Amino acid sequence: QVQLVDSGGGLVQAGDSLRLSCAASGRTFSDYLMGWFRQAPGKERELVATISRTGRSTYYPDSVKGRFTISRARNTVTLQMNSLKPEDTAVYYCAASSTLEVLTATEGYDNWGQGTQVTVSS
């Protein structure tokens, strides 16, 4: 198992930027495909970014493409969020999978961070 600790959320205005971080400990970090999800009140959990074990491949849904960037280094995965919109308001979760190979998969993550709140005011 890998333990994940999310941080970096906060209250910002529309158009601002935030950087979320996820610190991993435990098993070898490079064994895991990493992702960021978000969940807004009353809505289903949504995948917002994934990055391969090597860091060479990433995936973003259309809702965040061009605004969000995921990266990984050492034992940390980062989500840089630019041009934030009120609809980006949600609790953001880091997740890790030791088995997934497909970056677009939304199921199969077996390790989760505790979540960090992002609130974007208009």
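Conventions and cut-offs
- Throughout this description, residue numbers start from 1 for each chain and increase along the sequence as written.
- Restriction of local features to residues with pLDDT of at least 70 applies here, the model being predicted, together with a cutoff of 80 or more for giving and counting side-chain atom pairs; totals for whole chains, interfaces and linings are based on all residues.
- Hydrogens and waters are ignored; side-chain quantities use all the structure's heavy atoms.
- Under the scheme used here, helices are H or I runs from DSSP no shorter than 4 residues and strands are E runs no shorter than 2 residues, and both carry numbers assigned from the N terminus.
- To sort residues, take the accessible area from a 1.4 Å probe on protein chains only and compare it with the maximum for the residue type: under 20% means buried, over 50% means exposed, and anything in between is partly exposed.
- Counted as a polar contact is a pair of N or O atoms within 3.5 Å, where, for protein atoms, one must be capable of donating a hydrogen and the other of accepting one, and residues adjacent in sequence contribute only when both atoms are in side chains.
- Contacts are assigned to residue pairs that have any heavy atoms within 4.5 Å of one another.
- For this analysis, a ring pair means two rings from Phe, Tyr or Trp (six-membered ring only for Trp) whose centres lie within 6.5 Å, classed as stacked if their planes differ by under 30 degrees, edge-to-face if by over 60, and tilted for the remaining angles.
- We call a charge positioned over a ring when the NZ of a Lys or the CZ of an Arg lies within 6 Å of the ring centre and within 35 degrees of the ring normal.
- Criterion used throughout: strands pair if DSSP finds at least two bridges between them.
- To define axes, lines are fitted to C-alpha atoms, for helices over the stretch in contact only, and angles between the resulting N-to-C directions are given on a 0 to 180 degree scale.
- Among buried residues, those of type Ala, Val, Leu, Ile, Met, Phe, Trp, Tyr and Cys that are joined through side-chain atoms within 4.5 Å constitute a nonpolar core.

Chemist: Explain the side chain of S97 to me, using residue names and the numbers behind them.
Modeler: With respect to the secondary-structure elements, S97 resides in strand β9 (residues 90-97). Judged by relative accessible area, S97 falls into the buried class, the value being 0%. For S97, the side chain forms a polar contact with the main-chain nitrogen of L100, separated by 2.9 Å. Here the side chain of S97 touches G108 through a polar contact of 3.2 Å, landing on its backbone oxygen. Contact partners of S97, with chain neighbours within four places excluded, come to D31, Y32, L33, R53, G108, Y109 and D110.

Chemist: Quick rundown of the packing of aromatic side chains? Include the residues and the values.
Modeler: Scanning all chains against the criterion turns up three aromatic pairs. Both rings, one in F37 and one in W112, keep their centres 5.0 Å apart while their planes meet at 55°; by these two values the pair is tilted. Taken together, the positions of F37 in strand β4 (residues 33-39) and W112 in strand β10 (residues 111-112) put the pair 75 residues apart, joining distant regions of the chain. When its relative accessible area of 30% is taken as the criterion, W112 is described as partly exposed. By way of ring pairs, the aromatic residues F37, Y109 and W112 are connected into one cluster. Positioned above the aromatic ring of F37, the side-chain terminus of R45 is 5.3 Å from the ring centre. In this structure, R72 is placed above the aromatic ring of F29, and the distance from its NZ or CZ to the ring centre is 4.3 Å.

Chemist: I'd like a description of the sheet that holds strand β1 (residues 2-7), backed by residues and values.
Modeler: What the four strands build is an open sheet, ordered β1-β3-β8-β7; its pairing is antiparallel. The two strands at the open ends of the sheet, each matched to only one other strand, are β1 and β7 (68-73). Strand-to-strand twist of the sheet, defined as the mean angle between neighbouring strand axes without regard to direction, takes the value 15°. Sheet topology places strand β3 (residues 18-26) next to strand β8 (residues 76-81); six bridges connect them, and they run antiparallel. Bridging from a neighbouring strand, C22 pairs with V77 of β8.

Chemist: Outline the nonpolar core, listing residues and values.
Modeler: Grouped together as the largest cluster of nonpolar side chains are 29 residues, with contacts concentrated most on M34, W36, F68, V77, L79, M81 and Y92. Elements represented by at least two residues in this core include exactly β1, β3, β4, β5 (46-51), β7, β8, β9 and β11 (116-121).

Chemist: Let's hear about the pairing of β4: which residues, and what values?
Modeler: Successive side chains on a regular strand alternate, one facing one side of the sheet and the next facing the other. Along β4, six of the seven residues are buried, which leaves the element largely enclosed by surrounding structure. Relative to β9, β4 is paired through seven bridges, and the arrangement is antiparallel. Looking at the pairing, M34 lines up with A96 of β9. Of the strand pairs in this sheet, β4 and β5 are connected by five bridges, and their pairing is antiparallel. Residue pairing in the sheet places M34 in a bridge with I51 of β5.

Don't take any of this as a statement about function, it's just geometry.
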